[in-house]
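Each chain, written out:
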Amino acid sequence: MSTREGATAPLLTVFSDGTLALNETTSDLEAGPFLGRFEHMRSLLGSSLEAGIEAEPSLALGGAGPFDHVLPASLAMLPVSGDLAPYGWRIGPGEGTRWRASHDAAVARLDAARLAFFGYEGPLSFVRLGPVSLASSVFTSSGELALADSGLVRELPALIAEGIGTEAALLAERVSGARPRVMLDERGALKAVEGRVRTASGYRFHPAIGRTALTDLFAACVSAMQERGLDGEHVTLAVDSRVGIVRAALDAGVRSIALDPLSRDLAAVGGAWEALGEARERGVDVRFLATAGAVEATMRHVLGAWHELGYSLKEARGLAYAVTRRRAADPAREQGPAAYVRASDMDEIMHAAPGYAERVSD
């Protein structure tokens, strides 16, 4: 099984799912909602944990205030206008005060990164919604979800790429040693794929997105990101663990994929695992999102699956793991504390990493 060409792959990489909620008793409140969190993130993942274990920090969202969530953060840098309406975030004519405030919060995050990651060199990530999840979560000026506007849905990959490209460039300016990378979160796409997203009236459902359309949207994102200077290795697509969605992502040409190996079609070895094995042999970066409280079980399951696929433990070197709490299918409603990783969750994965590294190093 191939690994990164021209370099020795780490035994494993511990990365962030892009969230971290600190307790109100921490110095986070004194330093500000972003700076204190980023400083804590750097202390956790700002350097290699030990020999053979790499770490990737993030500009984590933590639910501190109305703009510190994945949906407003995903909208803040888009080259469109909009506002926060009574029914939710909308895009369309007119820029409201809440939209401008969300953009200001995005700039404040980048300014906090300049201080928290001063002198840092290495990958620095952030999480944003992909086109399907965004279309299922944001409204147009008509009051209907963007998912109902096929023209807008086709435009979303380019709009998302432009917004993320702008944010990545600003991050690189502020943290000169950083290599920006983004995780496009499409773990909420399954409802749209299966036709289970309700219309604004609540009486009907939006038509299901077929696999071909899903692949086309993912491919458009990959292409648009490359045009903005973000190569495939710097863009991770997080998807639901359904074999059809996994294959749609891989057929779209993604070079980095993240999923939960204990859920859905990855819970047992089958077509989804075979697709991942084939993809990794082609050099795709495979990343796993372990649910908090199940990190060690996740790592055992992954190694067991690789063994069933006919690979040795050594061939499981170079995989990446993060701990996550985000499991709900509606990003627009994920504003409670249950959606954000805690410091204790990070401790769980860092305690499990050495044992995993020892197993794959033999």
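Scroll up to find the structure this text is about.
**Re the overall build of the protein chain**
Broken down by element type, the protein chain carries twelve helices and eleven strands. In terms of C-alpha radius of gyration, the protein chain reaches 19 Å, essentially the compact-globule figure of 21 Å for 362 residues. With the C-alpha coordinates of the protein chain rotated into their principal frame, the extents come out at 60 × 50 × 35 Å. Residues classed as buried in the protein chain amount to 56% of the 362 residues present. Taking the contacts inside the protein chain whose residues are at least 6 apart along the sequence as the reference set, 72% of them involve residues at least 24 apart.

**Describing the packing of aromatic side chains**
Tallying each qualifying case throughout the model produces eleven aromatic pairs. Geometrically, the ring pair formed by Trp273 and Trp306 is edge-to-face, given 5.8 Å between the ring centres and 75° between the ring planes. You can see Trp273 sitting in helix α10 (residues 271-281) and its partner Trp306 sitting in helix α11 (residues 295-308), a full 33 residues away along the chain. Consider the rings of Tyr321 and Tyr356, whose centres lie 5.0 Å apart with planes at 70°: the pair is edge-to-face. Of this pair, Tyr321 sits in strand β11 (residues 319-324) while Tyr356 sits in helix α12 (residues 343-361), placing them 35 residues apart in sequence. What makes Tyr321 buried here is its relative accessible area of 1%. Positioned above the aromatic ring of Phe34 is the side chain of Arg109, whose terminal nitrogen or guanidinium carbon lies 5.7 Å from the ring centre. Lying across the ring of Phe15, Arg287 places its NZ or CZ 4.6 Å from the centre.

**Quick look at the nonpolar core**
If you look at the biggest cluster of nonpolar residues, it comprises 125 residues, and the most contacted ones within it are Leu12 and Phe117. Looking at this core, the element that brings in the most residues is helix α6 (residues 150-174), giving nine residues. With residues up to four places along the chain from it excluded, the contact list for Phe117 reads Phe38, Met41, Arg42, Pro57, Ser58, Leu59, Leu124 and Val175.

**Description of the sheet that holds strand β3 (residues 82-85)**
Pairing is mixed in the open sheet, where three strands are placed in the order β3-β4-β6. Two strands lie at the open edges of the sheet, namely β3 and β6 (139-140), each paired on one side alone. Judged from the two bridges that link them, strand β4 (residues 88-91) and β6 form a sheet pairing that is parallel. Bridge pairing links Ile91 to Thr140 in β6.

**Thoughts on the pattern of salt bridges**
Counted by the stated rule, this structure contains 13 salt bridges. Note that Glu56 is salt-bridged to Arg287, the shortest N-O span being 2.9 Å. Remark: Arg287 occurs in strand β10 (residues 285-291) and Glu56 occurs in strand β2 (residues 53-56); sequence separation between them is 231 residues. According to the relative accessible area criterion, Arg287 is buried, its value standing at 2%. One salt bridge in this structure joins Arg325 and Asp345, with 2.6 Å as the shortest N-O distance. Of the two residues, Arg325 is situated in the loop between β11 and α12 and Asp345 in helix α12; the sequence distance between them amounts to 20 residues. Through salt bridges with shared partners, one network takes in Glu56, Arg181, Asp285 and Arg287.

**Quick word on the packing of helix α4 (residues 97-116) against α6**
Running from N to C, α4 and α6 cross one another at 30°; their axes reach a closest spacing of 9 Å. What the angle tells us is that α4 and α6 run roughly parallel. Classified by chirality, the crossing of α6 by α4 is right-handed. Residues Val107, Leu110, Asp111, Ala113 and Arg114 of α4 form the contact with α6, whose participating residues are Glu167, Leu170, Leu171 and Arg174.

**Considerations on the sheet that holds β10**
Taken in spatial order, the eight strands line up as β2-β1-β11-β10-β9-β8-β7-β5 in an open sheet, and their pairing is parallel. Each edge of the open sheet is held by one strand with a lone partner, namely β2 and β5 (122-129). Along the sheet, successive strands turn relative to each other by an average axial angle of 25°, direction set aside. Alignment of strand β7 (residues 178-186) against strand β8 (residues 235-239), held across five bridges, turns out to be parallel. Each bridged residue has a counterpart across the sheet, and for Met183 the counterpart in β8 is Thr236.

**Brief notes about the packing of helix α8 (residues 211-227) against helix α9 (residues 243-251)**
Look at α8 against α9: their axes get within 8 Å of each other, and the N-to-C directions meet at 40°. If you check the angle between α8 and α9, you find them oblique. Crossing geometry of α8 relative to α9 is assigned as right-handed. Within the contact between the two elements, α8 uses Arg211, Leu214, Thr215 and Phe218 and α9 uses Gly244, Ile245, Arg247, Ala248, Ala249 and Asp251. Grouping the constituent residues of the contact of α8 with α9 by class yields five nonpolar, two polar and three charged.

What counts and how
Residues numbered from 1 in each chain as written. Predicted model: local features only at pLDDT ≥ 70, side-chain atom pairs only at ≥ 80, totals over all residues. Heavy atoms only, no water. Helix = DSSP H or I, 4+ residues; strand = E, 2+ residues; numbered from the N terminus. Rg over C-alpha atoms; globule rule 2.2 N^0.38 Å. Buried < 20%, exposed > 50% of the residue type's maximum accessible area, 1.4 Å probe, protein only. Contact = heavy atoms within 4.5 Å. Phe/Tyr/Trp six-rings, centres within 6.5 Å; stacked < 30°, edge-to-face > 60°. Lys NZ or Arg CZ within 6 Å of the ring centre and 35° of its normal. Core = buried A, V, L, I, M, F, W, Y, C linked by side-chain atoms within 4.5 Å. Pairing = 2+ DSSP bridges. Salt bridge = Lys/Arg side-chain N within 4 Å of Asp/Glu carboxyl O. Axes fitted to C-alpha atoms, helices over the stretch in contact; angles between N-to-C directions. Parallel < 35°, antiparallel > 145°, perpendicular 65-115°, else oblique. Left-handed = near helix turned anticlockwise from the far one by under 90°. Nonpolar A, V, L, I, M, F, W, Y, C, P; charged D, E, K, R; others polar.

Purely geometric stuff here, so don't read any function into it on its own.
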